[in-house]
Amino acid sequence: MTAIEVFEDWLNTYLNFESTPQKDIFWLDTIDFLCKRFENPQDYAPCIHIAGSKGKGSVSKLISSILDEAGYSVGLYSSPHIIDFRERISSPKGFFSEEIYENAIKEMVPNIESIMNYPADRAVTWFELVTLFSFLVFRQAKVDWSVFEVGLGGRLDATNVIRPKLCCITPIELEHTEFLGDTVEKIAAEKAGIIKNCTPVLIAQQQSESVKIVFREKAITRHAPFYFVEDMIKNAHYSFDDENKKMNIHLEGEFFNRPIETDMLMLGKVQIQNAAMAAIAIKKLFPNMDEAIIERGLSKAKLPGRFEILDNLKGFEGIKYLILDGAHTCNSIKGTLDTLNKMFGDEKVNLLFACAADKDIKDISKLFKYRFNHVYVTKPGNKKQSNIEAEIQAFKDAEIDFTADADFKTIIKRALKETSERNQVLLVTGSFYLLSEVKKIIDVNTK
């Protein structure tokens, strides 16, 4: 086993909210205590903090890619990972050297194991340790800038011990209501917890005025300059390059010396909004940065599992395109279907779907009616709590023909095989954990 695999096994001995959600395990005392024990590695380099319900991973990647294009050494902290744990703690170009990860492990593990008592007898959690590890890796790598995506919420998320130069908040939706609140206003209040005193905050277009009010009031109380992206963009439009599977974007705004025009590998209507936020964030921090650098940074950014298109799959050569998109809310799936329709028109494609137990499967299933040639329903692997019976009932209620099997490996292989035999397109969506299982099977088949 590699050092990082041994480290993963060690991490997995701690409580992991992602696989086992629990209430009352969120606080900042522990991560603050740990950071002080390691001489506050979170303060090593200037950073940017991104929260929100949807798009925060994309915005984080786009910002880090622009910084990289500008010549800075950048650390990027995001979640979840699809295949390799190091996807969570990397640079825009890819993983750091093995030596950097190993040095951070050697620095961290003995120190953590030597701690006898945590604050108020609170057990340290998996995500707190992973967040601390990111701080140590970035310090080992001597990054110039770091970009941090919030894990859950914001106010009590482990990343909220950082002191950013800029905060970004992406669109808010009803999500994780058991932990963040049962209204978008309550969820927005949790996300607004990342707003720091006198620190500028960019806010994406929101579905309701009430959410904007929550952010505006929090910023005012923190004396934080706040900017709504929709007010700063005068013109934004996009078009698809079907042949090259790219998206051309055009952005005009008061922060830009000229319009931003470039092709992006990250596809979908939502990505032009994410690109606008990333470009404005950079211009806010670096007013003199050349627009050409921003354009190149946007054009090079790629993110696994965000309308990721694969073809020429060994063993499944008949599949025209395999599309992987980790959409798991009604609005995000509407966006996925919108992009699918713009790229493939009325062509019927196949769907492989699975979601976690806490998702709104009744409303999500209705969105798929009439669009797909065949639907395959399963569990999102074994790492996330799921409810295959609820999924089956929801698709029955939506009057959609489908094939279901709780054995996710079997049905993934079946979906790939049958799509390949029919020379069709397969969309995989609903959970990043399902995407991970698909990629594992593809990888095994390729070797």
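See the structure printed just above.
Below is a short write-up of the structure. Computed from a predicted model, the values in this text were never measured in an experiment.

1. Digging into the overall build of the protein
Then, in step 1: The helix and strand inventory of the protein stands at 16 helices and 16 strands.
Then, in step 2: Relative to the compact-globule value of 22 Å for 447 residues, the protein shows a C-alpha radius of gyration of 21 Å, a close match.
Then, in step 3: The buried share of the protein, taken over its 447 residues, is 58%.
Then, in step 4: Relative to all contacts within the protein whose residues are 6 or more apart in sequence, the contacts with residues 24 or more apart total 75%.
Then, in step 5: Summed over its atoms, the accessible surface of the protein is roughly 18,900 Å², and 47% of this surface lies on carbon and sulfur atoms.
Then, in step 6: Seen as two clouds, the 56 positive and the 64 negative side-chain charges of the protein have centres 1 Å apart.

2. Considerations on the pattern of salt bridges
Once their charged atoms are close, side chains differing in charge can pair, the charge on each being opposite to the other.
Then, in step 1: One pass over the structure, following the stated rule, counts 23 salt bridges.
Then, in step 2: Between R163 and D43 there is a salt bridge; the shortest N-O distance is 2.9 Å. In this pair, R163 is assigned in the loop between β4 (145–149) and β5 (166–169) and D43 in the loop between α2 (29–37) and β1 (47–51), connecting sequence segments 120 residues apart.
Then, in step 3: A relative accessible area of 31% means that D43 is categorised as partly exposed.
Then, in step 4: Across the pair E418 and R422 runs a salt bridge whose closest N-O atoms are separated by 3.9 Å.
Then, in step 5: The exposure class of R422 is partly exposed, given its relative accessible area of 42%.
Then, in step 6: Several salt bridges share partner residues, and in doing so they unite E209, K212, R216 and E230 into one network.

3. Overview of the pairing of strand β2 (residues 74–77)
Then, in step 1: Side chains of β2 alternate between two faces, with V74 and L76 and G75 and Y77 buried alike.
Then, in step 2: When β2 meets β4, the two strands line up parallel, connected through four bridges. The residue of β4 that forms the bridge with V74 is W145.
Then, in step 3: Where β2 meets strand β3 (residues 89–90), two bridges bridge the pair, whose relative direction is antiparallel. Bridge pairing in β3 links L76 to S90.

4. A look at the side chain of S431
Then, in step 1: Relative to the helices and strands, S431 resides in the loop between β16 (425–429) and α16 (432–446).
Then, in step 2: A residue is classified by how much of its surface remains accessible, and S431, at 6% relative accessible area, is buried.
Then, in step 3: Among the polar contacts listed, one links the side chain of S431 to the backbone nitrogen of Y433, at a separation of 3.0 Å.
Then, in step 4: Filtering out sequence-adjacent residues up to four positions away, S431 remains in contact with A327, A354, C355 and P380.

5. Comments concerning the environment of V124
Then, in step 1: Relative to the elements of secondary structure, V124 occurs in the loop between α4 (98–113) and α5 (126–141).
Then, in step 2: Apart from residues no more than four positions distant in its own chain, V124 is found in contact with Y14, T30, L34, Y118 and L129.

6. Some points on the nonpolar core
Then, in step 1: Among the nonpolar cores identified, the biggest contains 70 residues, and I63, L67, L298, L340, F353, F368 and F372 are the most heavily contacted of them.
Then, in step 2: In this structure, F353 is in contact with I333, I361, I364, F368, Y376, V377, T378, E391, F395, T429, G430 and L434, ignoring residues within four places of it in sequence.
Then, in step 3: In this structure, F7, Y118, L129 and A158 belong to the second largest nonpolar core, which totals 40 residues.

7. Focus: the sheet that holds β1
Then, in step 1: Spatially, the seven strands line up as an open sheet ordered β3-β2-β4-β1-β5-β6-β7, and their pairing is mixed. The open sheet has two free edges, formed respectively by β3 and β7 (226–228), since each of these has just one partner strand.
Then, in step 2: One ladder, built from three bridges, connects strand β6 (residues 201–203) with β7; its direction is parallel. In the strand pairing of β7, V201 is matched with F226.
Then, in step 3: Sheet strands in contact with α5 are β2, β3 and β4, and its direction is about 175° off that of β2.
Then, in step 4: This element, helix α10 (residues 269–285), spans β1, β4, β5, β6 and β7 of the sheet and lies at about 165° to β5.

8. Observations concerning the sheet that holds strand β9 (residues 246–253)
Then, in step 1: The strand order β8-β9-β10 describes an open sheet built from three strands, whose pairing is antiparallel. At either margin of the open sheet sits one strand with a lone partner, and together these are β8 (233–241) and β10 (260–264). The average angle at which neighbouring strand axes cross in this sheet is 15°, direction not considered.
Then, in step 2: Relative to β9, β8 runs antiparallel, the two being bridged by eight bridges. Within β9, the residue paired with H237 across the bridge is H250.

9. A look at the packing of helix α7 (residues 184–191) against helix α8 (residues 209–221)
Then, in step 1: Two numbers describe how α7 lies on α8: the axes approach to 9 Å, and their chain directions differ by 30°. Judged by the angle between their axes, α7 and α8 are roughly parallel. As for how α7 packs across α8, the hand of that crossing is right-handed. Here V184, E185, A188, A189 and K191 of α7 lie close against α8, whose contacting residues are S210, V211, V214 and F215.

10. Side note on unusual backbone geometry
Then, in step 1: Between S79 and P80 the backbone carries a cis peptide bond, its omega angle lying at -5°.
Then, in step 2: Following the sequence through the fold, P80 ends up in the loop between β2 and β3.
Then, in step 3: Even without glycine at this site, C198 takes up a positive phi of about 60°.
Then, in step 4: With respect to the element layout, C198 can be found in the loop between α7 and β6.
Then, in step 5: For C198, a relative accessible area of 55% corresponds to the exposed category.

So, how was this worked out
Residues numbered from 1 in each chain as written. Predicted model: local features only at pLDDT ≥ 70, side-chain atom pairs only at ≥ 80, totals over all residues. Heavy atoms only, no water. Helix = DSSP H or I, 4+ residues; strand = E, 2+ residues; numbered from the N terminus. Rg over C-alpha atoms; globule rule 2.2 N^0.38 Å. Buried < 20%, exposed > 50% of the residue type's maximum accessible area, 1.4 Å probe, protein only. Contact = heavy atoms within 4.5 Å. Areas by Shrake-Rupley, 256 points an atom, 1.4 Å probe, with all protein chains shown as cover. Lys, Arg positive; Asp, Glu negative; His and termini not counted. Charge placed at Lys NZ, Arg CZ, Asp CG, Glu CD. Salt bridge = Lys/Arg side-chain N within 4 Å of Asp/Glu carboxyl O. Pairing = 2+ DSSP bridges. Polar contact = N/O pair within 3.5 Å; in protein donor to acceptor, adjacent residues only side chain to side chain. Core = buried A, V, L, I, M, F, W, Y, C linked by side-chain atoms within 4.5 Å. Axes fitted to C-alpha atoms, helices over the stretch in contact; angles between N-to-C directions. Parallel < 35°, antiparallel > 145°, perpendicular 65-115°, else oblique. Left-handed = near helix turned anticlockwise from the far one by under 90°.

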